[in-house]
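So you can see what is in the structure, the chains are spelled out below.
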Amino acid sequence: MTPKVEGTGLSFRTFRSKAAGPDVSFHIYAPPAYKADPTRRLPVVYWLHGSGGGVAGIARLSALLDDAIAAGRCPPLFMVFVNGLRMGMYVDWANGQVPLETIIIHELLPHIDANWPTIGSRDGRLLDGFSMGGYGAGRLGFLYPELFGSVSMMGAGPMQERLERTPRASGVVAADLLVEVYGGSQERFEAVSPRRYAEQNAETLSRNSRLRLVIGDQDETYQNNRAFHEHLTRLKIPHDWIVLPGVGHNPIGLLAALGDRHWAFYREAFARHGT
C-alpha cells in the first residue's frame, strides 16, 4: 500500500491480491472523455516508477498527461500508476516473498480491464517507465508481447548483463539487491532480464511491437543503455533510440527534452484505434 495522492483526474484504488495476501494499491488517471462517456473504450498506459517508491511523481505526471490530452497532443487514455515498491524490480522475487510480476500481469491487468472500459488487447496497452521502471517495462513488455503492443524504456536500469555494479549504486548495494531479489544468483538475474527476453522473443517483437529507448547523454546509465540498444540492433528488433543532449537521470527532464516526441509515441501506438 502507498499513500493516497491527490491530482488531476487521479483516483486511489486497491484490490485484494491472492498472490500477495493483503490488499495492493495503485493510482489511475481517467481523462475527461471517460467522464463524458463512461462506456467509451480507451487505451491504457501502465506507468512503472523508479526506485524509491515513485509516489512523489504521480501528481506531476498525471497533470502533464491531462494537459497533453486537453491540447490534443495525446489521445484520451487511462494511465495506471503501478505500485512497484521501493525496490521491487517488477519481478517475482526468488524467495517468493514478493510476487510482483504475478500481481501485475495476472491480477492488476485483469482488474483494470474488468472495472474500466479499456481496449482489452495488446494494441490497447502500452508499458512505460523510468529507471527501475524502464527495466521493468522492458522485461515485462518483452516477456509478454501478447499483452503489450508498445514498450517505452526511459533511463532504464539495470540493463547490464551482470548485476555486479550499477552506475547509480555502490557494489555493496548491487550485491544486496542481487541477494534480496534474485536469490544471490547472477544466472537468475540474467534469465529474467530484458536482454534474455529480447533474445527469446526477437521474432515476435520485431514483427508486432513498437519499442523505444530514451536516455540522456549525461545519465550514469547511458553506456548500459547504449549496449542494450546495440543488443536489440544485433537481434534485428526495430526500435527508436533517442539520446537527449545535456539530460541526466531525471524523468521530468527527459519528458521536457522529448517534448512532443513523447506524446507522438503514444499517438502512434494507439492510432489504429482512432483514439
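The coordinates are above.
Residues numbered from 1 in each chain as written. Predicted model: local features only at pLDDT ≥ 70, side-chain atom pairs only at ≥ 80, totals over all residues. Heavy atoms only, no water.

## Focus on the packing of helix H10 (residues 251-258) against helix H11 (residues 260-270)
And step 1. The geometry of H10 relative to H11 is characterised by a closest axis approach of 5 Å and an angle of 85° between their N-to-C directions. Regarding the angle of H10 to H11, the classification is roughly perpendicular. Counted together, Leu-255, Ala-257 and Leu-258 of H10 and Asp-260, Arg-261 and His-262 of H11 form the full contact between these two elements.
And step 2. Its residues assigned to classes, the contact of H10 with H11 shows three nonpolar, one polar and two charged. (Axes fitted to C-alpha atoms, helices over the stretch in contact; angles between N-to-C directions. Helix = DSSP H or I, 4+ residues; strand = E, 2+ residues; numbered from the N terminus. Parallel < 35°, antiparallel > 145°, perpendicular 65-115°, else oblique. Contact = heavy atoms within 4.5 Å. Nonpolar A, V, L, I, M, F, W, Y, C, P; charged D, E, K, R; others polar.)

## Notes on unusual backbone geometry
And step 1. In this structure, the amide linkage connecting Gly-157 to the following residue, Pro-158, adopts the cis form with an omega of 10°.
And step 2. Topologically, Pro-158 is positioned in the loop between strand S6 (150-154) and helix H5 (171-182).
And step 3. One non-glycine residue, Met-89, lies in the positive phi region at around 65°.
And step 4. Relative to the helices and strands, Met-89 is located in the loop between strand S4 (78-82) and helix H3 (100-115).
And step 5. The backbone of Ser-131 shows a phi angle near 60°, a positive value even though the residue is not glycine.

## With respect to the packing of H3 against helix H4 (residues 132-143)
And step 1. At a minimum axis separation of 12 Å, H3 and H4 run at an interaxial angle of 55°. As far as their axial angle goes, H4 and H3 are oblique. Considering how the two elements wind past one another, H3 and H4 form a crossing that is right-handed. On H4, the residues touching Glu-101, Ile-104 and Ile-105 of H3 are Arg-139, Leu-140 and Leu-143.
And step 2. Looking at the contact of H3 with H4, its residues break down into four nonpolar, no polar and two charged. (Left-handed = near helix turned anticlockwise from the far one by under 90°.)

## Quick word on the pairing of strand S8 (residues 240-244)
And step 1. Where strand S7 (residues 210-216) and S8 come together, five bridges link them in parallel fashion. Bridge pairing in S8 places Gly-216 opposite Leu-244.
And step 2. For the crossover from S7 across helix H9 (residues 222-234) to S8, the handedness is right-handed. (Pairing = 2+ DSSP bridges. Right-handed = clockwise from strand over helix to strand, strands pointing away.)

## Some words on the sheet that holds strand S1 (residues 10-16)
And step 1. What the eight strands build is an open sheet, ordered S1-S2-S4-S3-S5-S6-S7-S8; its pairing is mixed. The open sheet has two free edges, formed respectively by S1 and S8, since each of these has just one partner strand. Neighbour-to-neighbour, the strand axes of this sheet turn through a mean angle of 20°, independent of strand direction.
And step 2. Here strand S2 (residues 23-29) runs beside S4; their pairing, made up of three bridges, is antiparallel.

## Considerations on the environment of Gly-134
And step 1. Take Gly-134: it is sitting in helix H4.
And step 2. Gly-134 gets classed as buried once you look at its relative accessible area, which sits at 0%.
And step 3. Expressed as a C-alpha distance, the spacing of Gly-134 and Ser-152, which sit 18 residues apart in the sequence, is 7.1 Å.
And step 4. Once you skip the residues sitting within four places of it in the chain, Gly-134 turns out to touch Gly-129, Met-153, Met-154 and Ala-156. (Buried < 20%, exposed > 50% of the residue type's maximum accessible area, 1.4 Å probe, protein only.)

## Re helix H2 (residues 58-70)
And step 1. The first and last C-alpha atoms of H2 sit 18 Å apart over 13 residues, in line with the 18 Å expected at 1.5 Å per residue.
And step 2. All of the buried residues in H2 are Ile-58, Leu-61, Ser-62, Leu-65, Asp-66, Ala-68 and Ile-69. Along the axis of H2, the buried residues cluster in a sector spanning 165°; they form a single face.
And step 3. A positive backbone phi angle near 80° is found at Gly-72, which sits one or two residues after H2. (Expected span 1.5 Å × (residues − 1). Arc of directions from axis to C-beta.)

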